[in-house]
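# A structural walkthrough
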Amino acid sequence: MVIPWLIMIVISLIVIKSFFDFFHGKSFAAVLEMKESRFSIEIFMALLIIYIILMFGYGMIYFILSIEGIVLVENGELRQVSILGSIIHSIYFSGVTLLSVGYGDITPVGIGRFIALTQALIGYILPAAFVVRILQSRDRSRDT
């Protein structure tokens, strides 16, 4: 079963590259340029796309790990669901973990706990990092 691990590594690399590009400003440089200090739909869409990439990326990691063994438990018990059901549960858990502390209806087990912890940390830090990045780009545009 090497293929699920290879897929998980590829998904992880995509997520890491998205972060790298964001923090180095390569793909978001044009989006972060603001002419005024009002709401910008471009900046909102960039943040939304990053969240969607993270949600689906981590969701696929949970799904691939669930193929290898138990990673997510629903209401304290292991439920046998179809592959589509497992994908839906994984993406749902990923979204809830990324956007909040979680509801507690699905809980991670084993390595899934560490992965969920890193995802929750990213979910809390990302908006602040986005604001800092916007302010830095505005300061650079004022200096030039």
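For the structure, see preceding data.
Since we're looking at a predicted model, the values are computed, not measured.

Procedures and definitions
- Residues numbered from 1 in each chain as written.
- Predicted model: local features only at pLDDT ≥ 70, side-chain atom pairs only at ≥ 80, totals over all residues.
- Heavy atoms only, no water.
- Helix = DSSP H or I, 4+ residues; strand = E, 2+ residues; numbered from the N terminus.
- Buried < 20%, exposed > 50% of the residue type's maximum accessible area, 1.4 Å probe, protein only.
- Contact = heavy atoms within 4.5 Å.
- Areas by Shrake-Rupley, 256 points an atom, 1.4 Å probe, with all protein chains shown as cover.
- Phe/Tyr/Trp six-rings, centres within 6.5 Å; stacked < 30°, edge-to-face > 60°.
- 1 Å grid on protein atoms, 1.4 Å probe; cavity = no way out; pocket = protein on both sides within 12 Å on 5 of 7 lines; lining within 4 Å.
- Points joined across faces, edges and corners; volume = space filled by probe spheres on them.
- Nonpolar A, V, L, I, M, F, W, Y, C, P; charged D, E, K, R; others polar.
- Core = buried A, V, L, I, M, F, W, Y, C linked by side-chain atoms within 4.5 Å.
- Axes fitted to C-alpha atoms, helices over the stretch in contact; angles between N-to-C directions.
- Parallel < 35°, antiparallel > 145°, perpendicular 65-115°, else oblique.
- Left-handed = near helix turned anticlockwise from the far one by under 90°.

What follows concerns the overall build of the protein chain. Assigned secondary structure in the protein chain consists of five helices and two strands. In the protein chain, the succession of helices and strands from N to C terminus is α-α-α-β-α-β-α. Sorting the 144 residues of the protein chain into buried and exposed places 39% on the buried side. The long-range share in the protein chain, meaning contacts at least 24 apart out of those at least 6 apart in sequence, stands at 72%. Looking at the protein chain as shown, the accessible area adds up to about 9,100 Å², and 71% of this sits on carbon and sulfur atoms.

Moving on, we come to the packing of aromatic side chains. Each aromatic ring pair is characterised by the separation of its centres together with the angle its planes make. This structure, assessed with the given rule, holds two aromatic pairs. The interplanar angle of 40° and the centroid separation of 6.4 Å between the aromatic rings of Tyr58 and Tyr62 together place this pair among those described as tilted. With Tyr58 and Tyr62 both in helix α3 (residues 41–68) and four residues apart, the pair spans about one turn of that helix. Taking relative accessible area as the criterion, Tyr62 reaches 0% and is therefore assigned buried.

The subject of this paragraph is the layout of surface pockets. The space that makes up the largest pocket amounts to roughly 380 Å³. What lines the largest pocket is a set of 18 residues, among which Ser66, Leu78, Arg79, Val81 and Ser86 lie closest to the centre. It is helix α4 (residues 83–99) that provides the largest number of residues to the lining of the largest pocket, a total of four residues. Across the lining of the largest pocket, the residue classes tally to ten nonpolar, six polar and two charged. Considered as a void within the structure, the second largest pocket measures approximately 160 Å³ in volume. Around the second largest pocket sit 15 residues that line it, and Phe93, Thr97, Val101, Gly102 and Ile106 are the ones nearest its centre.

Among the nonpolar cores identified, the biggest contains 26 residues, and Leu54, Tyr58, Tyr62 and Phe130 are the most heavily contacted of them. Of all the elements in the fold, those that place two or more residues in this core are α1 (2–24), α3, α4 and α5 (111–143). Ranked by residue count, the leading element in this core is α3, at twelve residues. Apart from residues no more than four positions distant in its own chain, Tyr58 is found in contact with Val15, Ser94, Ile115, Thr118, Gln119 and Ile122.

Take Leu6: it is sitting in helix α1. The class for Leu6 is partly exposed, based on a relative accessible area of 48%.

Moving on, we come to the packing of α3 against α4. Packing of α3 against α4 leaves a shortest axis separation of 8 Å and a crossing angle of 130°. Relative to α4, α3 is oriented oblique. Helix-helix and strand crossings are classified by hand; for α3 and α4 the assignment is right-handed. Contacts between α3 and α4 pair Tyr51, Leu54, Met55, Phe56, Tyr58, Gly59, Met60, Tyr62, Phe63 and Ser66 from the former with Ile83, Ser86, Ile87, Ser90, Ile91, Phe93, Ser94, Gly95, Leu98 and Leu99 from the latter.

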